[in-house]
Amino acid sequence: MSSTAPEAGASARRRLIAASLVSSIGNGIYVPLTMLFVLALTGLSLTSIGTGLTVAGLCALGFMPAAGILIDRFGGRQVLIGVLALRAIGFAVYPLADSYPAFLVIALLVAVGTWASGASQHALIGDIAQGAERDRLLAWDRSLRNAGMGCGSLATAGMLAWNDTIGFIVAAEALAGLFALAAVLVARIPNVRGDVARRPEARGGYRRVLADRPYLLITTANFLIAFGYTAQAIALPVFLTRDVALPDALAGLVFAVNTVLVAVLGVPVARLTLRGRRTRTAALGAVGFALSFAAFAALPRLVGGPDAIVAVLAVAVLYTAAELVHSAPSQGLSVQAAPDHLKGRYLSAYQLSWSLCSTIAPMLLGLLLDAGEWHLWAVLAVMVLAGAAILLRAERTLPAHTLTPRAPAATPTPRKVAR
């Protein structure tokens, strides 16, 4: 073997991390201002925009199975290049959306690119690294994505200073440039997937995935726990301003604290979590979520005035600690438990748990917020604890190498699945 192989692997990891950082800056610009962004560029009503974005998101979910097939056929690298280019094209032509059908088509392009990015990115990480190195690369990816989101959010402040449509047009083209640059960085990664023809034939396709009960269990657990993540962006600002009576400006402080801590501590905490079983550590993180939700529910009754700010920040730190403990092992578990020759289909199915949660969450969390001060947090606590229990149940039937990086690698024999 050539001595340059480790260097090539290191180069591939650096370029992947750089691409992840660049694309996350784009996400940080777009996500917080989605409605304002589309409103300024299209002039449509907010109701039409909200409906269109929801329809586009739901339709994009239908493309996820095709994304999995493409990943298995061509590799995560090729598909990630394609979906990043798709997002670049979508943002580049957003200013040309002068009709509702045109807006729907562009929104669908962006949504497909967004949903498919996660599965293809994780498949590429699975091709680049193995075992504990996968976990470390996933941790770096998540940490820098949070840093990029924070930088992108800061950039929106400068964009809003324009206070007219020109600023949003500039933002659209900047977004197109960022995702195009990310696609170029991924394209410069060497083709580490190897000869596709030598891999086992992808027999069974999605029937294998649907028959793999352990993987369906960890996917179901992730769907339930994912609502804990969405609550921060969707429900927490409303809860803090309405029920805890924090000023609007301070409500965003929780998001800032979370972003900074995840960016700074993501990799060190991930190294610590590698010492335990992925299922148990991820379940521990879910329990931490439940504790933070109980604390949030108690805030309106226990604190008020200046003390409320200190209490909210303390609970935010607990919430972030739970996220740090859960995120790395759960992501590692999803990649390690996916057979190499069907990684695309498996990871696309796992990504659906995130995508479906993101689609349902605004409606569900809104209903729970309207129900009262504590109902939201009680339901979320039950959901994440159920997810933790499912993870522990799945541990009994998952192969040893998926549970801990210290276990020996599995032999390439087909996993026994239920009929």
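Above this text you will find the structure in question.
Residues numbered from 1 in each chain as written. Predicted model: local features only at pLDDT ≥ 70, side-chain atom pairs only at ≥ 80, totals over all residues. Heavy atoms only, no water.

1. With respect to the overall build of the protein chain
A count of helices and strands for the protein chain gives 17 helices and zero strands. Every one of the 419 residues in the protein chain was classed for burial, and the buried ones make up 50%. Sequence separation of 24 or more characterises 85% of the internal contacts of the protein chain that already satisfy a separation of 6 or more. Here the protein chain displays about 18300 Å² of accessible surface, and carbon together with sulfur accounts for 68% of that area. (Helix = DSSP H or I, 4+ residues; strand = E, 2+ residues; numbered from the N terminus. Buried < 20%, exposed > 50% of the residue type's maximum accessible area, 1.4 Å probe, protein only. Contact = heavy atoms within 4.5 Å. Areas by Shrake-Rupley, 256 points an atom, 1.4 Å probe, with all protein chains shown as cover.)

2. With respect to the packing of aromatic side chains
A full pass over the atoms with the stated rule returns 15 aromatic pairs. Connected via pairs of aromatic rings, a cluster forms that spans Tyr229, Phe239, Phe289, Phe293, Phe296, Tyr319, Trp354 and Trp377. Its end group placed over the ring of Phe74, Arg73 keeps NZ or CZ at 5.0 Å from the ring centre. When the ring centre of Tyr206 is taken as reference, the NZ or CZ atom of Arg345 above it lies at 5.9 Å. (Phe/Tyr/Trp six-rings, centres within 6.5 Å; stacked < 30°, edge-to-face > 60°. Lys NZ or Arg CZ within 6 Å of the ring centre and 35° of its normal.)

3. Focus on a nonpolar patch on the surface
Side chains of Leu284, Val287, Leu291, Leu318 and Leu385 sit close together on the surface and give an oily, nonpolar patch of about 420 Å² of accessible area. Tracing the backbone shows Leu318 in helix 14 (residues 306-336). (Patch = residues over 30% accessible without salt bridge, like charges linked within 9 Å, V, L, I, M, F, W, Y side chains within 5 Å. Salt bridge = Lys/Arg side-chain N within 4 Å of Asp/Glu carboxyl O.)

4. Let's talk about the nonpolar core
One finds Phe37, Phe91, Tyr94, Phe293, Phe296, Trp377 and Leu380 to be the most contacted residues of the largest nonpolar core, which totals 114 residues. A total of 13 residues in this core trace back to one element, the largest contributor, which is helix 6 (residues 100-128). Discounting residues that sit within four places of it in the chain, Trp377 has contacts with Leu236, Phe239, Phe293, Phe296 and Ala297. (Core = buried A, V, L, I, M, F, W, Y, C linked by side-chain atoms within 4.5 Å.)

5. A word on unusual backbone geometry
The phi torsion at Ala245 lies on the positive side, around 65°, for a residue other than glycine. Relative to the elements of secondary structure, Ala245 occurs in the loop between helix 11 (236-242) and helix 12 (248-273).

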